[in-house]
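Observations on chain architecture
Listed below are the residues making up each chain.
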Amino acid sequence: MTRPLLKTVSVLALVSLFPGMAWAEADAQGLADALKHQFSKNGATLTIGSATADGDDVVLSDITMKPGEAEPAKLEELRLQDVSESDNGYRIGKIEAPEFSMTKEGKTLDFGGAAVTGIQVPKESETDPVRNISVLVEGMTVGPVSVSEGDAVLFKMDGIVYTSSPYEPGQAIDSEMEMTGVEADMTKLPDPKARAVMQQLGYDMLSGGMSMKGSWNPSDGQMTISEWILDVTDAAALNLSIDLSGLTSEFMQQVQEIAAKQESGEMNEQAMGFAMMGLMQQLSFNGAEIALQDASLTGRVLDFVAAQQGAKRQDIVNMAKGMTPLLLAQLQNPGFAKMVSEAVNTYLDDPQSLTVTAAPDAPVPAPQIMGAAMGAPQTIPDILGVTVTANE
């Protein structure tokens, strides 16, 4: 029962460790060696029994993948489609994971397949740091996926689509991801308390989706997530955006090296934590925003809490309004506390939107933020230029 799932997971794991040239017919064994080298840089071991060319494809056989100390995953065969070669690397046109259906303990998983396109694998001679370290693929599709029990569908997803612009040295890489058609049956939750809560909130079924848009410029290290939306129908939509700098290709390479050492057992978790803290010194915060758009969730929660306490919704609203200033007083930042209290009051009276924005006048180095968090946390809202607004 588990072999199709293992095969799919193994295919996606293989692709996830791969980090655009004039291309020619590929050397199958050379590609296999390049894959093994790429795995070793990420603290994993890859063994390949054989690699043979089949037209423009390369077929790998008897594959074993072992990430650090984890249990190895085995794959009998993997077909790499439309493979070509350049002086410094290989390009795989597509890797596909097949459709399958499996049943275990009365539940059936139907997987509609997956495909990853435009994968680039560097040779050891590659000098471009981004091609050497990064997960660079041009596209990925997953699904549809569903989990059912008898005639009841417990969970389903129409699919995931990911696209990325081809990497060009000195240029930003733009990417987008969308997950659509997600549905989950709350009446089938295994925890009876959780089922009861969702029923009282009026959510027998949750549905929605997620989308993301972002860019990364390896040259100057600016990484921007302009949109990361989780949208739940008849509940709420949460949108996150963030802008950081300092995430250069050199920084990413250092992160990769640390992670590889930890995965291989050369570095323990405490040492890894100290090493990562050191790397954080290179980063700066440029801005961020978290926005909540209500679509009935707030009212449902207020009514639920009121019912639990034998009160009315307005009683809970008034209680929350009274508690907010007391909780914020602990921050010892009266101006910020007043602003937040006013925004919360406005939102509770008429739940529409609540937005937290951080817009500093200039990029704030990570050491300054960490220093303030340890020594004077009340100054962080002012350092980061934080504002809180409601219904705007």
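Positions within a chain are numbered from 1, following the residues in the order the chain's sequence is written. A pLDDT threshold of at least 70 governs which residues receive local features in this predicted model, and a stricter bar of 80 or more applies before side-chain atom pairs are shown or counted, although totals over entire chains, interfaces and linings include all residues. Side-chain measures here rest on the full set of heavy atoms in the structure, leaving out hydrogens and waters.

**Considerations on the overall build of the chain**
In terms of helices and strands, the chain carries eleven helices and 20 strands. Only protein chains enter the accessibility calculation, which uses a 1.4 Å probe; a residue whose area is less than 20% of its type maximum is buried, one above 50% is exposed, and one in between is partly exposed. Counting every position in the chain, which comprises 392 residues, the buried fraction comes to 40%. For every accessible area listed, the method is Shrake-Rupley and the probe measures 1.4 Å; residues are considered covered only by the protein chains on display. Working note: accessible area of the chain is about 20,400 Å², and carbon and sulfur atoms make up 55% of it. Here Asp and Glu are counted as negative and Lys and Arg as positive; His is not counted, and neither are the chain ends. Taken as the charge location is NZ of Lys, CZ of Arg, CG of Asp or CD of Glu. Of the side chains in the chain, 24 bear a positive and 53 a negative charge, and the two mean positions are spaced by 7 Å. Numbering goes from the N terminus for both helices and strands, where a helix is a DSSP run of H or I of at least four residues and a strand is a run of E of at least two.

**Things to note about the pattern of salt bridges**
The salt bridge definition used is simple: a Lys or Arg side-chain nitrogen within 4 Å of an Asp or Glu carboxyl oxygen. Summed over the entire model, instances satisfying the criterion amount to twelve salt bridges. In this structure, Arg79 and Asp54 form a salt bridge, with 3.0 Å as the shortest nitrogen-oxygen distance. One end of the pair, Arg79, is in strand S4 (residues 73–85); the other, Asp54, is in strand S2 (residues 44–54), with 25 residues separating them in the sequence. Residue Arg79 is classed as partly exposed on the basis of its relative accessible area, which comes to 33%.

**A word on the confidence of the model for the chain**
By definition, pLDDT measures how confident the predictor is in each residue, and it falls between 0 and 100. Counting all residues, the mean pLDDT for the chain is 88, and 93% of those residues have values of 70 or more. Within the chain, strand S18 (residues 353–358) carries the highest mean pLDDT (98), whereas helix H1 (residues 3–16) carries the lowest (46). We call two residues in contact when some of their heavy atoms are within 4.5 Å. The low-confidence segment residues 1–24, where pLDDT is below 50, has 78 contacts with residues more than four positions distant or belonging to other chains.

**With respect to the packing of aromatic side chains**
Aromatic ring pairs: the centre-centre distance and the angle between the two ring planes describe each pair. Each aromatic pair joins two rings of Phe, Tyr and Trp (for Trp, the six-membered one) with centres within 6.5 Å, and gets the label stacked for planes under 30 degrees apart, edge-to-face for over 60, and tilted for any other angle. Within this structure, the stated rule accounts for one aromatic pair. Lys123 extends its terminal NZ or CZ atom over the ring of Tyr90, reaching a point 5.2 Å from the ring centre. In this scheme, Lys NZ or Arg CZ marks a charge over a ring once it lies within 6 Å of the ring centre and within 35 degrees of the ring normal. Positioned above the aromatic ring of Tyr203 is the side chain of Arg300, whose terminal nitrogen or guanidinium carbon lies 4.2 Å from the ring centre.

**Quick notes on the nonpolar core**
Proteins that are soluble and globular tend to have nonpolar side chains buried together. Leu31, Leu60 and Leu80 are the most contacted members of the largest nonpolar core, which totals 39 residues. A total of six residues in this core trace back to one element, the largest contributor, which is helix H2 (residues 28–41). Beyond its immediate chain neighbours, meaning those up to four positions away, Leu60 contacts Ala32, Leu35, Ile48, Ser50, Ala51, Glu76, Glu77, Leu78 and Leu80. In terms of nonpolar packing, the next biggest core, distinct from the first, is built from 20 residues, Ala337, Val340, Leu348 and Val386 among them. We call a set of buried residues a nonpolar core when its members are Ala, Val, Leu, Ile, Met, Phe, Trp, Tyr or Cys and they connect through side-chain atoms within 4.5 Å of each other.

**A short note on a nonpolar patch on the surface**
Without a salt bridge and with relative accessible area above 30%, a residue can belong to a patch; like charges are then joined within 9 Å and nonpolar side chains (Val, Leu, Ile, Met, Phe, Trp, Tyr) within 5 Å. A grouping of Trp228, Leu230, Leu238, Leu240, Ile290 and Val356 is seen on the molecular surface, where their side chains present a nonpolar patch of about 480 Å² in accessible area. When contributions to the nonpolar patch are tallied by element, the ones reaching two or more residues are strand S15 (222–232) and strand S16 (236–245). Relative to the elements of secondary structure, Val356 occurs in strand S18.

**Here we look at the pairing of strand S9 (residues 139–142)**
Across four bridges, strand S8 (residues 114–122) lies against S9 in antiparallel orientation. Looking at S9, one finds that Ala115 is bridged to Thr141. Paired strands, in this sense, are two strands between which DSSP finds at least two bridges. Across four bridges, the pairing between S9 and strand S12 (residues 159–164) is antiparallel. Residue pairing for S12: Gly139 is matched across the bridge by Thr163.

**A closer look at the pairing of S12**
By the bridge criterion, six bridges tie S12 to strand S13 (residues 173–185) in an arrangement that is antiparallel. Bridging across to S13, Tyr162 finds its partner in Met177.

**Looking at helix H8 (residues 313–328)**
One fewer than the residue count of a helix, multiplied by 1.5 Å, yields its expected span. Between its terminal C-alpha atoms H8 stretches 23 Å, which fits the 22 Å expected from 16 residues at 1.5 Å a residue. All of the buried residues in H8 are Ile316, Val317, Thr324 and Leu328.

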